[in-house]
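The chain contents come next:
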Amino acid sequence: MYFSKHNKNITYINHYSGLLEVKGNGVLCLKDTELWPESSKNWAKKYDTLSVTEGITELGEGYIEFFSHIDCLILDRTVGSVTASPELLKKWRKRKVLICGEYDTLAERFADKNGLRFLHRDIHLADDDIEIAHEHDIITLRFHENGSCDIHYNCFTPGSSAGSYGGGEYANPLPRDFYVGCTIEDFANIFNARVREQILSNKTLKRFLEISNKRHSDNGKK
């Protein structure tokens, strides 16, 4: 984890997968890329995906230029503005940079306006604690660029010795049109009772199902 020297409320969480998450509130500016304890001016080159999380409202002038090399930009629905130069956008179109976010948000509008690829962001569905097996599962609805989607399980279990962990990952594929006519109650019925309330109260999932079905219905009327 790193901290902005300019704004103590801005933090960066680094992942070995190449994902960098930025957390905080309000506007991000170029000065927020000056970090503590990171000292290298090229520290951002370690990451190919930037995820701007809930609470951030704007990416100000110069900020996204600092991450010009990324392949994927994930924007939370709270982001209402992104300042990007024409030169950067031209490079991103050439490199086919992917923009991820929710439908009917700035992320989708930004991608459409600037000729960039858009994909609905993955949706964290629930955390399932299976006490009898001492197992913790993170359940995610994933969307893929080829149009497919699946339910991904990241499972954590105690290891063979103190302080070690086992587990694994697996994914159950879904039909590409699984959302058609599917309510959030229908979707919750796919899962066990332990996580039902988490699914039913998932606002991101609810929005996705409602908007997807409306778009499907509108397309059918054309």
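That block above? That's the structure.
Residues numbered from 1 in each chain as written. Predicted model: local features only at pLDDT ≥ 70, side-chain atom pairs only at ≥ 80, totals over all residues. Heavy atoms only, no water.

## Topic: the pairing of strand β2 (residues 11-14)
Item 1. In the sheet, strand β1 (residues 2-4) pairs with β2 via 2 bridges, with the strands oriented antiparallel. By the bridge assignment, F3 is partnered in β2 with T11.
Item 2. Between β1 and β2, which pair antiparallel in sequence order, lie 6 residues.
Item 3. Bridge analysis of β2 against strand β3 (residues 19-23) gives 4 bridges, and the strand direction is antiparallel. (Pairing = 2+ DSSP bridges. Helix = DSSP H or I, 4+ residues; strand = E, 2+ residues; numbered from the N terminus.)

## Regarding the sheet that holds strand β8 (residues 72-75)
Item 1. Judged by pairing direction, the sheet is mixed, and its 8 strands sit side by side in the order β5-β1-β2-β3-β6-β8-β10-β11 without closing on themselves. Each edge of the open sheet is held by one strand with a lone partner, namely β5 (35-36) and β11 (117-120).
Item 2. Set on the sheet, helix α2 (residues 106-113) makes contact with β8, β10 (98-101) and β11; between it and β10 the angle comes to about 155°. (Contact = heavy atoms within 4.5 Å. Axes fitted to C-alpha atoms, helices over the stretch in contact; angles between N-to-C directions.)

## Brief notes about the nonpolar core
Item 1. Of all hydrophobic cores here, the largest spans 32 residues; its most connected members are Y12, L50, V52, L59 and W92.
Item 2. Put simply, the parts of the chain that give this core at least two residues each are β3, β6 (49-52), β7 (56-59), β8, α1 (86-95) and α2.
Item 3. When residues in this core are grouped by element, the largest group, 4 residues, is from α2.
Item 4. Sequence-distant contacts of L50, that is, excluding residues within four places in its chain, are made with L20, V22, Y63, I64, F67, I70, C72, L73 and I74.
Item 5. C149, A188, I199 and F208 belong to the second-largest nonpolar core, a separate cluster that totals 27 residues. (Core = buried A, V, L, I, M, F, W, Y, C linked by side-chain atoms within 4.5 Å. Buried < 20%, exposed > 50% of the residue type's maximum accessible area, 1.4 Å probe, protein only.)

## Some thoughts on the pattern of salt bridges
Item 1. Applying the stated criterion across every chain, the model contains 11 salt bridges.
Item 2. Two residues, R95 and D71, come together in a salt bridge whose shortest N-O distance is 2.9 Å. Taken together, the residues R95 in helix α1 and D71 in the loop between β7 and β8 connect sequence positions 24 residues apart.
Item 3. Residue R95 is classed as partly exposed on the basis of its relative accessible area of 36%.
Item 4. The partner of K214 in a salt bridge is D218, and the shortest N-O contact between them spans 3.0 Å. Of the two residues, K214 and D218 are both situated in helix α5 (residues 203-221); the distance of 4 residues between them amounts to about one turn of the helix.
Item 5. When its relative accessible area of 30% is taken as the criterion, D218 is described as partly exposed. (Salt bridge = Lys/Arg side-chain N within 4 Å of Asp/Glu carboxyl O.)

## Some details on the state of the cysteines
Item 1. Counted under the stated rule, the structure contains 0 disulfides.
Item 2. The structure places no disulfide on C100, whose sulfur is separated from the nearest cysteine sulfur, that of C72, by 3.8 Å.
Item 3. A relative accessible area of 7% places C100 in the buried class. (Disulfide = S-S within 2.5 Å.)

## Examining the environment of G55
Item 1. With respect to the element layout, G55 can be found in the loop between β6 and β7.
Item 2. Taking relative accessible area as the criterion, G55 reaches 17% and is therefore assigned buried.
Item 3. Each C-alpha atom of the pair G55 and G26 lies 6.5 Å from the other, and the pair is 29 residues apart in sequence.
Item 4. If we ignore the near neighbours within four places in the chain, the residues touching G55 are G24, N25, G26 and T78.

## A closer look at α1
Item 1. Of the residues making up α1, those classed as buried are L88, L89 and W92. For α1, the arc enclosing every buried residue in end-on projection is 95°, short of the 170-degree limit, so these residues lie on one face. In α1, those exposed residues whose orientation departs by more than 90 degrees from the buried face are P86, E87, K90, K91 and K94.
Item 2. Where α1 is buried, its residues meet β8, β10 and α2.
Item 3. Looking one or two residues past α1, K96 carries a phi angle of roughly 60°, positive in sign. (Arc of directions from axis to C-beta.)

## Thoughts on the packing of aromatic side chains
Two aromatic rings, taken as a pair, are described by how far apart their centres are and by the angle between their planes.
Item 1. A full pass over the atoms with the stated rule returns 15 aromatic pairs.
Item 2. On the basis of an interplanar angle of 55° and a centroid distance of 5.5 Å, the ring pair of F187 and F191 is categorised as tilted. For the pair F187 and F191, one class covers both residues: buried. (Phe/Tyr/Trp six-rings, centres within 6.5 Å; stacked < 30°, edge-to-face > 60°.)

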